[in-house]
Amino acid sequence: MNSMIEIQHLNKTYHSKSGDVDAVHDVNLTIREGDIYGIIGYSGAGKSSLIRCINLLELPDSGSITVGGEKLTWMENDTMKVIKNKDLNRVRRGIGMIFQHFNLLDRSTVFENIAYPLKHIGMNKEQIYDRVIELLELVDLSDKIDAYPSQLSGGQKQRVAIARALANNPKVLLSDEATSALDPDATESILGLLKSLNKKLGITIVLITHEMAVIKAVCHKVAVMEHGEVVEEGKVYDIFANPQKDITKKFIISASPLKKIHSLVRKDSPFIQTKDGGLLVKLIFEHTVVGDAIISDISRRFNVDFNIVLANVEILKGEQLGSMITVLTGKENDIASAMSYLKEKNVRTEVIEHGRAS
Ligand SMILES: Nc1ncnc2c1ncn2[C@@H]1O[C@H](COP(=O)(O)OP(=O)(O)OP(=O)(O)O)[C@@H](O)[C@H]1O
Ligand SMILES: [Mg+2]
């Protein structure tokens, strides 16, 4: 697949009375055509600043940005060059954007909101009407054509915003926390819509969120941002199966049913105690090993017992990912053999606590 968005050595610093803020620091990203690419980070990480550079709503200080083969900014002898205004307007038509608070025109109807971007490209009334009808069908909101934003639910407002963003057939859709103001049902339905638009239209989507569940639900790839930098990046499955950075681990734990283990440990729960000592360990089974009868095999082979505390198997991006927290008991050298056998079998192990005994 071709790359749709190419970002190299991008920097953006805000200057204010209270000091400078490096909102985007030396960011490099390649987003391929047709991808749903997630960017996750805590508040202030620089996500909005970065995504707003992609359509030059925010002008970076340095770095290069290419969208759909067109250079928006580039470096020449250490200075940043910027695309001419008339070319920028054309490129911007190829980039739609949606926001957390929808940004609709409150005094205009659904029809007028969606027609707005079409008025500037020389369509006649009839063409505009036909296109709005088509867009409303696409976002499944045909019956609200004459409603005002105040008469719509949050999810419906976001559908109008999506229709408006798609009006000029963009190649890229930028989404800045588009589901953060919605309840769980509306979130699910908007995410479903984004997924189906990506499939149906082949549109490349860049999606910002602070929720790992959103990344899990729709994205193919993900970048994790912290203090203006992309600290980790990759396929969603790989990041979930084997996160490297602490911040990534924190995000993943937040979306995992196994997160309870930390409060169990804190409270010294009876669920995680054993009579003769043992090892509290987390096992991660990637799709290549899920389904093998490894646990019972090891139990027999090394004469150890697995007492399962928490476990979860999910389908992520079409592949199984299993994780389990277990108390492993037996003789010390048998436990050690079992642990190295697990590693040999490509089960990842993370010891949570050693020698827990009651
Ligand atoms: N116009 C501005 N002037 C000065 N500082 C700014 C401006 N916009 C953003 N910042 C600062 O830049 C940093 C990154 O902000 P940004 O809005 O990109 O973060 P974010 O990851 O989108 O956060 P959130 O999840 O809260 O939306 C923050 O420290 C913020 O205070
Ligand atoms: Mg933001």
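Residues numbered from 1 in each chain as written. Chains lettered and ligands numbered in written order. Predicted model: local features only at pLDDT ≥ 70, side-chain atom pairs only at ≥ 80, totals over all residues. Heavy atoms only, no water.

Colleague: Would you explain the site of ligand 1 in this entry?
Modeller: Within the structure, ligand 1 sits among Y14, V21, A23, Y42, S43, G44, A45, G46, K47, S48 and S49. A45 places a polar main-chain atom, nitrogen or oxygen, 3.2 Å from an oxygen atom of ligand 1. The fraction of the free accessible surface of ligand 1 (630 Å²) that becomes covered by protein chains is 60%. Grouping the amino acids of the shell around ligand 1 by side-chain chemistry returns five nonpolar, five polar and one charged. (Near = heavy atom within 4 Å. Polar contact = N/O pair within 3.5 Å; in protein donor to acceptor, adjacent residues only side chain to side chain. Areas by Shrake-Rupley, 256 points an atom, 1.4 Å probe, with all protein chains shown as cover. Nonpolar A, V, L, I, M, F, W, Y, C, P; charged D, E, K, R; others polar.)

Colleague: Honestly, the sheet that holds strand 5 (residues 70-76) in this entry has me stumped. Any pointers?
Modeller: Adjacent strands of a sheet pair through backbone hydrogen bonds, lying either parallel or antiparallel. In space, the five strands of this open sheet follow the order 2-1-4-5-6, with antiparallel pairing throughout. If you trace the sheet from one side to the other, it starts and ends with strand 2 (19-32) and strand 6 (79-82), each paired once. Between one strand and the next, the sheet's axes are offset by a mean angle of 20°, whatever the strand orientation. Bridging between strand 5 and strand 6 involves four bridges; their strand directions are antiparallel. In the strand pairing of strand 6, T73 is matched with V82. Lying on the sheet, helix 1 (residues 47-54) is in contact with strand 1 (3-16), strand 2, strand 4 (62-67) and strand 5; it crosses strand 1 at an angle near 125°. (Pairing = 2+ DSSP bridges. Helix = DSSP H or I, 4+ residues; strand = E, 2+ residues; numbered from the N terminus. Axes fitted to C-alpha atoms, helices over the stretch in contact; angles between N-to-C directions. Contact = heavy atoms within 4.5 Å.)

Colleague: Could you clarify how one ought to interpret the state of the cysteines in this entry?
Modeller: As used in these notes, a disulfide is a covalent bond between sulfur atoms, one from each of two cysteines. Overall, the coordinates contain zero disulfides when judged by the stated rule. No disulfide involves C53; its sulfur sits 20 Å from that of C219, the nearest cysteine. Exposure remark for C53: the relative accessible area of 0% places this residue in the buried category. (Disulfide = S-S within 2.5 Å. Buried < 20%, exposed > 50% of the residue type's maximum accessible area, 1.4 Å probe, protein only.)

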